[in-house]
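The primary structure of each chain is shown beneath.
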Amino acid sequence: MEGLLYAYGAPNILSDDQRREIRARVQAKIAERKALEAGVDPALAAERAEAQYLERVTSIPSVATPSGLPPRGADIGTTPLYRKHSRHDSADMQGRAGMSGSVSSGSTTGSSREESALSVFELRHGRRYLRDTLYPLPVDLAEIQRQNLRTLLGCEIFGRPVCAPRVTRQIPQRVLDVGCGGAYWSARCHEYFTSLGRRNVAFTGIDIAPLAPDLKRQGMDWTFVQHDIRKAPWPFDDETFDLIMFKDMSLIVTLGGGARFMDECIRLLRPGGTLEIWDSDHCLRALQPHPPPPTARQRTEQEIALRTGTFLVSPGTPFAPAPNKYLSQANSWINTALDNRKLPPFPCTRIAEMVYQEPDDLGEVDYRRVAIPLAELRWEHERERPRHARSRSDADGLQLRDKGKAKLRSQSQGLSSEQLAIRQTALLTVIQMIESLEPLLKETSGKNTEEWSHWWGSMMSDLMDPQKGASNGECLELGAWWATKLDDSDQPLSR
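Anyway, here's the lowdown on the structure attached to this text. (Residues numbered from 1 in each chain as written. Predicted model: local features only at pLDDT ≥ 70, side-chain atom pairs only at ≥ 80, totals over all residues. Heavy atoms only, no water.)

## Side note on the pattern of salt bridges
A complete count under the given rule lists 16 salt bridges for this structure. Note that Arg124 is salt-bridged to Glu122, the shortest N-O span being 2.7 Å. Its relative accessible area of 27% is what places Arg124 among the partly exposed residues. Accessibility expressed as a relative area gives 23% for Glu122, which makes it partly exposed. (Salt bridge = Lys/Arg side-chain N within 4 Å of Asp/Glu carboxyl O. Buried < 20%, exposed > 50% of the residue type's maximum accessible area, 1.4 Å probe, protein only.)

Structure follows, in structure tokens:
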């Protein structure tokens with residue numbers, strides 16, 4: 001939880017790369033202003049000016065920070081919600097792409113590794129993207145930070161970095177992190193297994209681009225393999241891993257393409273191994289007032305939800321379209337843009353179907369879905385009734401769910417600092433997601449640069465206003481699904 005709280009209270013310490021980013025944005029703004037006066041395209045002029053500035057003042061370092069997240073006080077802690085960063089430092093991403101140590105066997109050190117890293121990137125719209133792919137998100141430092149925050153949120157609301165009960169009973173020896181990105185999940189999982197007394201778990205990350213730092217410097221048994229996971233087979237032998245994590249991959253797996261990824265994961269899992277999938281919906285819904293808690297869920301899950309101020313989601317949980325004007329518009333544009341690319345805007349509704357379609361190979365299938373409100377909800381205040389008006393059953397229910405004290409304190413005093421940090425972090429990642437998808441959403445909405453800037457400013461003003469904003473139930477939905485690979489003795493009799 002310290003990480004979430006620190007994200008809102010860190011000192012304003014800027015690294016050299018951050019200062020370069022600010023100077024580059026200043027150059028872009030100057031060029032944009034001159035372009036408007038000259039009657040030429042201001043967006044193109046700004047992009048060119050920023051790119052030229054970065055090319056003049058930056059170089060690719062051969063060694064980068066070994067941390068999965070930026071150091072304390074860096075971008076994550078100093079990015080205010082009310083300020084829009086329209087462009088980001090591509091040199092930072094180049095540096096992370098040229099990291100030493102954890103690379104595929106085909107890569108080498110020095111300039112050849114840097115050339116290999118740069119060959120998969122291109123600069124578009126002032127940000128760094130993967131070359132020759134339909135992946136809609138940039139792969140610069142700002143986007144890596146957003147993904148790390150989503151991972152941090154998942155670890156908090158699920159209670160640990162892996163949800164499958166079998167994994168905590170039988171700690172795996174070899175773990176594969178598919179689409180590892182900055183490898184923050186692997187670092188968190190290593191810390192978790194270490195806390196359980198197992199420091200020697202071997203982690204392998206696979207991704208199309210070398211974005212991960214060298215986690216060996218943190219004492220991990222870590223290997224990175226550079227490979228386009230859309231191309232099967234992946235470069236591993238059958239039954240190599242005990243745990244495979246497939247996290248935030250819904251913008252890679254096209255509609256109808258999940259079976260190929262599932263087949264590859266099943267091939268690489270050892271019998272008795274665990275496949276776990278984490279993801280979140282890209283379009284937002286609104287939680288309806290006073291949702292009933294799901295039945296037949298573990299008591300610990302209910303306790304975590306109460307402690308974190310989140311809500312467990314079941315098929316009966318009542319949702320409605322997001323009432324916030326700006327989030328509703330963003331939903332419409334995201335839905336259209338992803339549909340055009342055959343990508344799912346609501347991946348949480350289709351992952352279970354993917355897992356259940358493998359009954360011959362996977363068993364012990366289960367899931368957890370959680371809704372994180374983006375602000376303190378208006379109807380949460382209605383929970384607090386005068387003490388004399390509460391019935392004995394109400395008091396018993398409160399005591400049964402969380403032993404009374406924490407719940408009563410939450411009702412009478414609003415959200416705790418931990419709950420508020422979780423919701424603010426969820427809102428931050430939603431805003432960052434819209435920003436990362438800006439080129440697609442501008443095209444889909446039909447807005448020009450000036451119109452988009454006006455819409456963005458109005459959205460930020462609205463979302464940061466406690467009297468408006470996302471106080472009507474708008475929430476970020478996260479989910480985790482897991483299953484165990486069956487061995488021969490567990491196979492069904494009829495195939």
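## Looking at the packing of aromatic side chains
Following the criterion strictly, the structure yields eleven aromatic pairs and no others. Ring geometry for Phe236 and Phe241: centres 5.2 Å apart, planes at 85°, overall edge-to-face. Of the two residues, Phe236 and Phe241, both sit in the buried class. Judged by centre distance (5.8 Å) and plane angle (55°), the rings of Phe311 and Trp379 are tilted. (Phe/Tyr/Trp six-rings, centres within 6.5 Å; stacked < 30°, edge-to-face > 60°.)

## Regarding the environment of Leu440
Its location among the elements puts Leu440 in helix H17 (residues 438-445). Separated by 104 residues in sequence, Leu440 and Thr336 place their C-alpha atoms 9.7 Å apart. Not counting chain neighbours up to four residues away, the residues in contact with Leu440 comprise Pro136, Ala337 and Arg341. (Helix = DSSP H or I, 4+ residues; strand = E, 2+ residues; numbered from the N terminus. Contact = heavy atoms within 4.5 Å.)

## Some thoughts on the packing of helix H7 (residues 141-158) against helix H11 (residues 299-308)
Packing of H7 against H11 brings their axes to within 8 Å, and their N-to-C directions diverge by 125°. Here H7 lies oblique to H11, going by the angle between them. Here Glu156, Ile157 and Phe158 of H7 come into contact with H11, specifically with Ile304, Arg307 and Thr308. (Axes fitted to C-alpha atoms, helices over the stretch in contact; angles between N-to-C directions. Parallel < 35°, antiparallel > 145°, perpendicular 65-115°, else oblique.)

## Description of helix H10 (residues 258-268)
Buried residues of H10: Gly258, Phe261, Met262, Glu264, Cys265, Ile266 and Leu268, and no others. Contact partners of the buried residues in H10: strand E3 (174-178), strand E6 (241-247), strand E7 (269-280), helix H13 (351-356), strand E11 (362-373) and strand E12 (474-485).

## A closer look at unusual backbone geometry
With an omega dihedral of 0°, the bond running from Ala232 to Pro233 counts as a cis peptide bond. Considering the arrangement of structural elements, one finds Pro233 in the loop between strand E5 (221-226) and E6. Not every positive phi belongs to a glycine, and Glu364 is a case in point at roughly 55°. Positionally, Glu364 belongs in strand E11.

## Digging into empty space enclosed by the protein
Tallied over the full model, the rule gives six cavities of 30 Å³ or more. Counted as a void, the largest cavity has a volume near 520 Å³. Going through the elements one at a time, H7, E3, helix H9 (184-195) and E7 are the ones with two or more residues in the lining of the largest cavity. Top contributing element to the lining of the largest cavity by residue count: H7, with six residues. Here the residues of the lining of the largest cavity sort into 18 nonpolar, eleven polar and nine charged. Forming the boundary of the second largest cavity are Arg150, Asp281, His282, Leu284, Leu327, Ala330, Asn331, Ile334, Val430, Met433, Ile434 and Leu476. (1 Å grid on protein atoms, 1.4 Å probe; cavity = no way out; pocket = protein on both sides within 12 Å on 5 of 7 lines; lining within 4 Å. Points joined across faces, edges and corners; volume = space filled by probe spheres on them. Nonpolar A, V, L, I, M, F, W, Y, C, P; charged D, E, K, R; others polar.)

## Overview of the pairing of strand E1 (residues 121-124)
With four bridges joining them, E1 and strand E2 (residues 127-130) adopt antiparallel strand pairing. Paired with Leu123 across the two strands is Arg128, which belongs to E2. Connecting the antiparallel pair E1 and E2 is a turn made up of two residues, with His125 showing a positive phi of about 55°. (Pairing = 2+ DSSP bridges.)

## Considerations on the nonpolar core
Phe193, Phe203, Trp222, Leu374, Ile434 and Trp455 are the most contacted members of the largest nonpolar core, which totals 72 residues. For Ile434, the contacting residues outside a window of four places in its chain are Leu327, Ala330, Leu441, Trp455, Trp456 and Met459. (Core = buried A, V, L, I, M, F, W, Y, C linked by side-chain atoms within 4.5 Å.)

## Comments concerning the side chain of Lys442
Relative to the elements of secondary structure, Lys442 occurs in helix H17. Comment: no salt bridge for buried Lys442; closest opposite-charge side chain is Glu438, at 4.5 Å. At 3.4 Å, the side chain of Lys442 forms a polar contact with the side chain of Thr449. Residues contacting Lys442, with those up to four places away along its chain left out, are Lys447, Asn448, Thr449 and Trp452. (Lys, Arg positive; Asp, Glu negative; His and termini not counted. Polar contact = N/O pair within 3.5 Å; in protein donor to acceptor, adjacent residues only side chain to side chain.)

These figures come from the coordinates and say nothing about function on their own.
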